[in-house]
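# Fold and contact review
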Amino acid sequence: GETERNIKNVPQEEWAPGDKWPGVVHEMMMRIGINSGEIVVGNMGSSMRMNYTMMGDAVNLAARLEAGAKQFGIYSCVSEYALNMEYINEKGEKERTMDKVEARFIDNITVVGKSEPVKIYELCAMKGGLTTQEKRLFDIFDRGIQYYRKMQWDEAIKYFRESYKIERIPEAATNPSEVYLRRCLAFKKTPPVAPGQKWDGVFRMTRK
């Protein structure tokens, strides 16, 4: 038979009999940044001090996305480069990552140290795996984004207040709807560009 894993005699309400892990493990949440691109992997350094690591802009961006996810209150942050990546599936057919997953557009940002903007998304489910609430959230949130890009702050605020009520992770310290609500209120007082100027809609992150 299997070795008893619960050697500390954790109570049943915290570790169900026969379960491989206690409840706290199942409930663990971690943030992850996902990006695709060319990188260098291997032993780097010198004969005096060497480390197996990876380097490159694609690696740096993935790290920035992981940190950026915290600012939006999401847990899986994926770049447009990863979602647009094409690959050959097991049938020998060409597929694109975006067509296999459900991802919510979050923002168009520039990360610290870079001037080129990148679209970032919240990875939510495999294709077709959204709940009814998530589908409604995506729709309302996206409408808010459209008004936000047009600098129609009052309309955007209306939609983000609605999406806030049905955010995916209500227990998180913040969430994308709340971030945009704060932004819209701030931009309403101090617009991102002068009157008559065209706004690119890019948010420039100042923290790593």
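Above this text you will find the structure in question.
Residues numbered from 1 in each chain as written. Predicted model: local features only at pLDDT ≥ 70, side-chain atom pairs only at ≥ 80, totals over all residues. Heavy atoms only, no water.

### Quick look at the pattern of salt bridges
Considering all chains together, one arrives at 14 salt bridges under this definition. Ionic pairing is found between Arg-96 and Asp-99, a salt bridge with its closest N-O pair at 3.6 Å. Since its relative accessible area comes to 28%, Arg-96 is described here as partly exposed. Taking the shortest distance from any N to any O, the salt bridge between Glu-178 and Arg-182 comes out at 3.8 Å. Of the two residues, Glu-178 and Arg-182 are both situated in helix 6 (residues 176-189); the distance of 4 residues between them amounts to about one turn of the helix. Classification of Arg-182 as partly exposed rests on a relative accessible area of 46%. A network of salt bridges, in which partner residues are shared, links Arg-104, Glu-122, Glu-134, Glu-167 and Arg-168. (Salt bridge = Lys/Arg side-chain N within 4 Å of Asp/Glu carboxyl O. Buried < 20%, exposed > 50% of the residue type's maximum accessible area, 1.4 Å probe, protein only. Helix = DSSP H or I, 4+ residues; strand = E, 2+ residues; numbered from the N terminus.)

### What about the environment of Lys-158?
Of note, Lys-158 is situated in helix 5 (residues 153-164). You can call Lys-158 partly exposed: its relative accessible area is 46%. Considering only alpha carbons, one finds Lys-158 and Gly-113, 45 residues apart in sequence, at a separation of 34 Å.

### Some words on the side chain of Glu-102
In this structure, Glu-102 sits in strand 7 (residues 101-110). Setting aside its immediate chain neighbours within four residues, Glu-102 contacts Glu-122, Leu-123, Cys-124, Ala-125, Met-126, Lys-127, Gly-128, Gly-129 and Leu-130. (Contact = heavy atoms within 4.5 Å.)

### Remarks on the nonpolar core
Ranked by size, the top nonpolar core spans 20 residues in total, and within it Tyr-148, Phe-160 and Cys-184 carry the most contacts. Secondary structure elements with two or more residues in this core: helix 3 (80-83), strand 7, helix 4 (132-149), helix 5 and helix 6. When near neighbours in sequence (up to four residues on either side) are disregarded, Tyr-148 contacts Trp-153, Ala-156, Phe-160, Tyr-180, Arg-183, Cys-184, Phe-187 and Trp-199. (Core = buried A, V, L, I, M, F, W, Y, C linked by side-chain atoms within 4.5 Å.)

### A look at the pairing of strand 4 (residues 76-79)
Relative to strand 4, strand 1 (residues 32-34) runs parallel, the two being bridged by 3 bridges. Along strand 4, the bridge assignment pairs Ile-32 with Ser-76. Alignment of strand 4 against strand 8 (residues 118-126), held across 3 bridges, turns out to be antiparallel. For Cys-77, the partnering residue across the bridge sits in strand 8 and is Glu-122. (Pairing = 2+ DSSP bridges.)

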